[in-house]
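Observations on the model geometry
For reference, the chains in residue letters:
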Amino acid sequence: MLAAGATTATAADKISIMVGGYEKQIYLPAKLAEALGYFKDEGLDVELLNEPAGVDAENEMLAGAVQGVVGFYDHSIDLQAKGKFVESVVQFSQAPGEVELVSSKHPEIKSPADFKGMSLGVTGLGSSTNFLTEYLAVKNGLKLGEFTSVPVGAGNTFIAAMQQDKIQAGMTTEPTISRLLKTGEAKVLVDMRTVEGTKAALGGTYPAASLYMQTEWVDAHKETVQKLANAFVKTLKFINTHSGAEIAEKMPKDYYVGDKEGYVKALDAGKAMFTADGVMPQGGPETVLAVLSAFKKELQGKQIDLSKTYTTEFVKNVK
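With that out of the way, let us pick up the overall build of the chain. A tally of regular secondary structure across the chain gives 15 helices and ten strands. By its C-alpha atoms, the chain is 65 × 50 × 30 Å across when sized along the principal axes. Considering the chain as a whole, with its 319 residues, one finds that 57% of them fall into the buried category. Of the contacts formed within the chain by residues at least 6 apart in sequence, a portion of 80% connects residues at least 24 apart. Surface accessibility of the chain: about 13000 Å² in total, with carbon and sulfur atoms responsible for 53%. In the chain, 32 side chains carry a positive charge and 39 a negative one; their mean positions are 3 Å apart.

To continue, consider the packing of helix H5 (residues 74-81) against helix H14 (residues 284-293). At a closest axis distance of 10 Å, the pairing of H5 and H14 adopts a crossing angle of 60°. On the basis of the axis angle, H5 is oblique to H14. Here the hand of the crossing between H5 and H14 comes out right-handed. Seen from H5, the contacting residues are Asp74, Ile77 and Asp78; seen from H14, they are Pro285, Val288, Leu289 and Leu292. The class makeup of the residues in the contact of H5 with H14 is five nonpolar, no polar and two charged.

So, on to unusual backbone geometry. In this structure, Pro175 follows Glu174 across a cis peptide bond, with omega equal to 5°. For Pro175, the position within the fold is in the loop between strand E8 (169-172) and helix H8 (176-183). Phi is positive for Asp165, which is not a glycine, with a value near 60°. Assignment of secondary structure puts Asp165 in the loop between helix H7 (156-163) and E8. Residue classification places Asp165 among the partly exposed positions, given a relative accessible area of 31%. A positive phi angle, close to 45°, is found at Val257, a residue other than glycine.

Attention shifts here to the confidence of the model for the chain. Averaged over all residues, the pLDDT of the chain is 93; the fraction at 70 or higher stands at 95%. Here residues 1-12 scores under 50 on pLDDT; set against residues more than four positions off or in separate chains, the count is three contacts.

Here the focus is the environment of Asp114. Here Asp114 lies in the loop between strand E5 (98-103) and strand E6 (119-122). For Asp114, a relative accessible area of 31% puts it in the partly exposed group. In contact with Asp114, not counting residues within four places along its chain, are Glu108 and Ile109.

Rules of the game
- Residues numbered from 1 in each chain as written.
- Predicted model: local features only at pLDDT ≥ 70, side-chain atom pairs only at ≥ 80, totals over all residues.
- Heavy atoms only, no water.
- Helix = DSSP H or I, 4+ residues; strand = E, 2+ residues; numbered from the N terminus.
- Buried < 20%, exposed > 50% of the residue type's maximum accessible area, 1.4 Å probe, protein only.
- Contact = heavy atoms within 4.5 Å.
- Areas by Shrake-Rupley, 256 points an atom, 1.4 Å probe, with all protein chains shown as cover.
- Lys, Arg positive; Asp, Glu negative; His and termini not counted.
- Charge placed at Lys NZ, Arg CZ, Asp CG, Glu CD.
- Axes fitted to C-alpha atoms, helices over the stretch in contact; angles between N-to-C directions.
- Parallel < 35°, antiparallel > 145°, perpendicular 65-115°, else oblique.
- Left-handed = near helix turned anticlockwise from the far one by under 90°.
- Nonpolar A, V, L, I, M, F, W, Y, C, P; charged D, E, K, R; others polar.
- pLDDT = per-residue confidence, 0-100.

Spelled out as structure tokens, the structure:
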């Protein structure tokens, strides 16, 4: 066995991480850590792969094609119900950074209670945007079959779906939100970009963007995971101590989608959603479980061990 262990150790520093859309501001720490050179500082060769819907990223990791995913923490609860153990290793955010937007063509939609018969945009079926959309509908008295979730991705594909009335409302993140608000083609229905807005919509702090990995892999590669935690916690500290403009300077220019000012403004307004230290917020996992249990049959009556859905071991070791 030892020889196999030795070869993995040398190859372990090459890591592939799939990001559920790296131009989304909610997943900013992935590209920012790379831009700041923090992976290299730790002696890691990290390859970031882009996958617009988190659910597909999760499948790639389960298949062993990538070692980690930058996506929503809720997948680790959802997967435990299916007998798969995955944990958040670094918790990036304490709010989803998502907004439910309503098309300006549909002023009749005044709350999620008005979703009946509507087509609602989500990044992908089984994705976190889909989970949150279903929760908002069920919380407001609807049943799951009374509306349709339509997978439209984010950015241009989301915008086109709204322009063509393929969706009447939808859940998305920055910079897509600002683009649609700027043209007046959409209005905000539910705002989960801040901790306050999230508590109002979901009943508590909602840990969302994270680096999650298979528990078995984490246990077998603690040294590598610690290096990743070091890089990401340094990145979160950078976000916490720099302005939107300073952070934007480090990002690829095409992420601004032609509107740098809008990008910076959205970043300044939303960067409080990021944790300063990568630690799972107190009470957060319980809120996520309560939200998912409201509409997911797989979770109802199941004992979920929340302590196995995240670890603070590595972030607390960061010097």
